[in-house]
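Residues per chain are reported as follows:
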Amino acid sequence: MDNLKRVIVDFKKLTPEVLKLLVERYPDGYDDLNVIRFSNAKGERIEAVEVLTEDTKYLVKISEKLEVTMANYDEDDYEGFDDDDPDAIPDVPLDDDED
């Protein structure tokens, strides 16, 4: 388990595969106990949730767009895309974006 590749994923780089893993691991959403907090190389404070594959540990940065996308997840929406295609996840308009 210690030999896992570690990948930090921002919403813009989220793929259908990682999104599916997130929804499976946190079917009712995540809470504060699931959040991992750390500082990146620039000293910025990051909050993320973790999902694992056989060879990779993903830390997915928390954002309002991630929460909305997980809440509205439907596997059928991604049938025509490759599992590793970050363009498959549409940008989510938030109420704040409509100004």
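Residues numbered from 1 in each chain as written. Predicted model: local features only at pLDDT ≥ 70, side-chain atom pairs only at ≥ 80, totals over all residues. Heavy atoms only, no water.

Structural notes on the pattern of salt bridges
Evaluated as defined, the whole model comprises six salt bridges. Among the ionic pairs, Lys 20 bridges to Glu 75, the shortest N-O distance being 3.1 Å. Here Glu 75 lies in the segment after α2 (64–71) and Lys 20 lies in helix α1 (residues 16–25), a separation of 55 residues in the sequence. The class for Lys 20 is partly exposed, based on a relative accessible area of 30%. On the accessibility criterion, Glu 75 (45% relative accessible area) is partly exposed. For the salt bridge of Arg 37 with Asp 32, the shortest nitrogen-to-oxygen distance reads 2.3 Å. (Salt bridge = Lys/Arg side-chain N within 4 Å of Asp/Glu carboxyl O. Helix = DSSP H or I, 4+ residues; strand = E, 2+ residues; numbered from the N terminus. Buried < 20%, exposed > 50% of the residue type's maximum accessible area, 1.4 Å probe, protein only.)

As for the environment of Glu 64
Among the secondary structure elements, Glu 64 is positioned in helix α2. Sequence-wise, Glu 64 and Phe 11 are 53 residues apart; in three dimensions their C-alpha atoms are separated by 9.6 Å.

What to know about the pairing of strand β2 (residues 36–39)
Of the strand pairs in this sheet, β2 and strand β3 (residues 45–52) are connected by four bridges, and their pairing is antiparallel. From the neighbouring strand, Arg 37 faces β3, where its bridge partner is Glu 47. Here β2 hands over to β3 after five residues, with Gly 43 in that stretch at a positive phi of 85 degrees. (Pairing = 2+ DSSP bridges.)

Structural notes on the sheet that holds β2
Pairing in this open sheet of four strands is mixed, and the strands run β1-β4-β3-β2 from one edge to the other. If you trace the sheet from one side to the other, it starts and ends with β1 (5–9) and β2, each paired once. Strand-to-strand twist across the sheet, computed as the mean angle between neighbouring axes with direction ignored, equals 35 degrees. Bridge count for β3 against strand β4 (residues 56–61) is five bridges, and the pairing is antiparallel. By the bridge assignment, Val 49 is partnered in β4 with Val 60. (Axes fitted to C-alpha atoms, helices over the stretch in contact; angles between N-to-C directions.)

Notes on α1
Structurally, the α-helix is built with 3.6 residues per turn, so residues lying three or four positions apart point the same way. Buried residues of α1: Pro 16, Val 18, Leu 19, Leu 21, Leu 22 and Val 23, and no others. Packed against the buried residues of α1 are β3, β4 and α2. (Contact = heavy atoms within 4.5 Å.)

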